[in-house]
Amino acid sequence: MELIHFRILLALKRCGTLSAAAESLHLTQSALSHQMKNLEQRLGIVLWRKQGRTLVLTQAGHYLSEVAESVIATVASAEQHLTLLAAGKTGKLIIGIDCHACYEWFRTILQPYLQAWPDLAVEVTSRYRFNSFEAIQQYKLDAVLTSDPVFNGVLHYQSLFDFELVLIVSRQHRLAGRQFIEPSELQQETILTYPVERERLDMFRKVLQPAGIEPLAHVTVEETDIMLQLAASQRGVCLLPEWLLADKLKNPDVVSLRFNNLPLTKTMYLATRHEDVQLEYIQWLIAHAQSKG
């Protein structure tokens, strides 16, 4: 059976005559009659009979017309959903978070985004943190929030905002109050980082290793809040985005320091597939993120 058969049955049920049904479907009477005769022959059952000028559905015709109502409604709903998907007005957005600290910032824009797109299913995950770019290409993710882009032409990277990495120490730390410090002054410090390999940690690849410094100890911490509490208690120092200290009331016991002649500015990006860049909910997310960066 084809959709045209279902549409003909519904038109016959609604209109009652062959001519009216054919007109409503923009078919000739002969074309409509030919379609139904072929279907009856394939099924081996009569679907409608003439009673004067009107058509009456048989028991089989009534049953098939009920099936037709369900099928046509499902198809219409699917077509509408696909139209909205093509326009970027609905769907599902799976966002990968490529860095621990990104979560803290993304929390500040997530609620307004969910309110603006009530029909969009949004999932936020760090499941593919170490292979997120491959996950986008495999359609396991739709976008990735990252500050470490790989510009190879495979993905589209939209810059959202620039930020600075700062050294966070206790307000009672021996270095607190200094305008600038040197990487060598961290040699006797415990370094707090997220549980990521050293080659991906800015503290090591941009600060310590270029200066040939090996710290006293290296401790990994899963949660940002715990890391800040450890720093406040002089259990170590950490390199984090400056925005984490934007709310001074939440972190009154720590201060931020900068390195002398060592700018640590980075850019936050949203990575997507090239064909998805113009989706409305992607564009809205980019604009909203840029305004809040």
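Above this text is the structure in question.
A quick note: this is a predicted structure, and the numbers were derived from the prediction, not measured. Along each chain, numbering runs from 1 in the same order as the chain's sequence is written. Local features in a predicted model are, by the rule used here, given only for residues with pLDDT of at least 70; side-chain atom pairs are given and counted only at 80 or more, and totals for whole chains, interfaces and linings are based on all residues. The side-chain numbers reported here are obtained from all heavy atoms of the structure, hydrogens and water having been left aside.

## Here we look at the environment of leucine 155
Numbered from the N terminus, helices here are DSSP runs of H or I no shorter than four residues, and strands are runs of E no shorter than two. Secondary-structure assignment places leucine 155 in the loop between strand S5 (143–146) and strand S6 (156–170). Classification of leucine 155 as buried rests on a relative accessible area of 7%. For the pair formed by leucine 155 and glutamine 283, sequence separation is 128 residues and the distance between their alpha carbons is 16 Å. When checking whether two residues touch, look at their non-hydrogen atoms; a contact exists if any pair is within 4.5 Å. The residues touching leucine 155, leaving out its near neighbours within four places in the chain, are Phe133, Ile136, Gln137, Ala271, Thr272, Arg273 and His274. Burial classification: accessible surface area is computed with a 1.4 Å probe over protein chains only, and a residue below 20% of its type maximum counts as buried, one above 50% as exposed, and the rest as partly exposed.

## Notes on the packing of helix H1 (residues 3–15) against helix H3 (residues 29–43)
Where H1 contacts H3, the two axes come as close as 10 Å, and the packing angle between them is 110°. Classified by the angle between their axes, H1 and H3 sit roughly perpendicular to one another. Where H1 crosses over H3, the handedness of that crossing is left-handed. Listed contacts from H3 to Ile4, His5, Ile8, Leu9 and Leu12 of H1 are Leu32, Gln35, Met36, Leu39 and Arg42. A fitted line through C-alpha atoms serves as each axis, taken over the contacting stretch for helices, and the angle formed by two N-to-C directions is quoted from 0 to 180°. With respect to orientation, any angle under 35 degrees is reported as roughly parallel, any angle over 145 as roughly antiparallel, any angle of 65 to 115 as roughly perpendicular, and every other angle as oblique. Here is the rule for handedness: rotate from the far helix to the near one, and if that takes an anticlockwise turn smaller than a right angle the crossing is left-handed, while a clockwise turn gives right-handed.

## Quick word on the state of the cysteines
Note on disulfides: each one is a pair of cysteine sulfur atoms within 2.5 Å. Under the defined criterion, the tally for this structure stands at 1 disulfide. In this model cysteine 99 forms its disulfide with cysteine 102; the gap between the sulfur atoms is 1.8 Å. Judged by the sign of its S-S torsion, about 85°, the cystine formed by cysteine 99 and cysteine 102 is right-handed. Given a relative accessible area of 0%, cysteine 102 falls into the buried group.

## Quick word on unusual backbone geometry
With phi around 60°, histidine 26 is a residue other than glycine that occupies positive phi space. Here histidine 26 shows up in the loop between helix H2 (18–24) and H3. Histidine 26 gets classed as exposed once you look at its relative accessible area, which sits at 74%. Of note, the phi angle at tyrosine 139 is positive, near 65°, even though the residue is not glycine. Position of tyrosine 139 relative to the elements: it lies in the loop between helix H6 (132–137) and S5. Relative accessible area serves as the criterion here: at 53%, tyrosine 139 is assigned to the exposed category.

## Some thoughts on the packing of helix H5 (residues 100–116) against helix H9 (residues 280–292)
Orientation of H5 relative to H9, taken along the N-to-C sense of each, is 135°, at an axis distance of 10 Å. Judged by the inter-axis angle, H5 sits oblique to H9. H9 is crossed by H5, and the crossing has right-handed handedness. Each of Trp105, Phe106, Ile109, Pro112, Tyr113 and Ala116 in H5 lies in contact with H9, whose residues at this interface are Tyr281, Ile282, Trp284, Leu285, His288, Ala289 and Lys292. Under this grouping Gly is polar, as are all residues other than the nonpolar Ala, Val, Leu, Ile, Met, Phe, Trp, Tyr, Cys and Pro and the charged Asp, Glu, Lys and Arg. When grouped by side-chain class, the residues that make up the contact of H5 with H9 number 11 nonpolar, 1 polar and 1 charged.

## Things to note about H5
To estimate how far a helix should extend, the number of its residues minus one is multiplied by 1.5 Å. Here H5 contains 17 residues, and its C-alpha end-to-end distance of 25 Å stays within 8% of the 24 Å for a straight helix at 1.5 Å per residue. The largest bend in H5 comes to about 40°, at phenylalanine 106. Of all the residues in H5, the buried ones are His100, Ala101, Cys102, Glu104, Trp105, Phe106, Ile109 and Tyr113. At every residue, the bend is computed as the angle between two fitted axes, covering the seven residues ending there and the seven beginning there respectively.

## Some details on the pairing of S6
Note on pairing: DSSP must find at least two bridges between two strands before they are called paired. Judged from the 8 bridges that link them, S6 and strand S12 (residues 265–272) form a sheet pairing that is antiparallel. The residue bridging aspartate 162 from the neighbouring strand is threonine 267, located in S12. Here 4 bridges tie S6 to strand S11 (residues 254–259), and the two strands are oriented antiparallel to one another. Paired with serine 170 across the bridge in S11 is valine 254.

## Some details on the pattern of salt bridges
Counted as salt bridges are all cases of a side-chain nitrogen of Lys or Arg within 4 Å of a carboxyl oxygen of Asp or Glu. This model, assessed by the stated rule, comprises 18 salt bridges. Of the charged contacts, one joins lysine 206 and aspartate 202 as a salt bridge, the two residues approaching to 3.8 Å between their closest N and O atoms. Here lysine 206 and its partner aspartate 202 are both found in helix H7 (residues 202–208), 4 residues apart, which amounts to about one turn of the helix. The class of lysine 206 is partly exposed, set by a relative accessible area of 32%. On the basis of relative accessible area, aspartate 202 is assigned to the buried category, the value being 12%. Through salt bridges with shared partners, one network takes in Asp148, Asp202, Arg205, Lys206 and Lys266.

## Some details on the packing of aromatic side chains
Think of it this way: a Phe, Tyr or Trp ring, Trp meaning its six-membered ring, pairs with another when their centres are within 6.5 Å, and the plane angle makes it stacked under 30 degrees, edge-to-face over 60, tilted otherwise. Scanning the entire structure with this criterion turns up 10 aromatic pairs. For the pair tryptophan 117 and tyrosine 281, a centre-to-centre distance of 6.2 Å together with 80° between the ring planes defines the contact as edge-to-face. With a gap of 164 residues between them, tryptophan 117 in the loop between H5 and strand S4 (120–125) and tyrosine 281 in helix H9 connect regions that are remote in the sequence. By relative accessible area, which is 11% here, tryptophan 117 ends up buried. When its relative accessible area of 6% is taken as the criterion, tyrosine 281 is described as buried. Centre to centre, the rings of phenylalanine 163 and tryptophan 243 are 5.0 Å apart; their planes meet at 75°, and the pair counts as edge-to-face.

The values are spatial; any link to function lies outside them.
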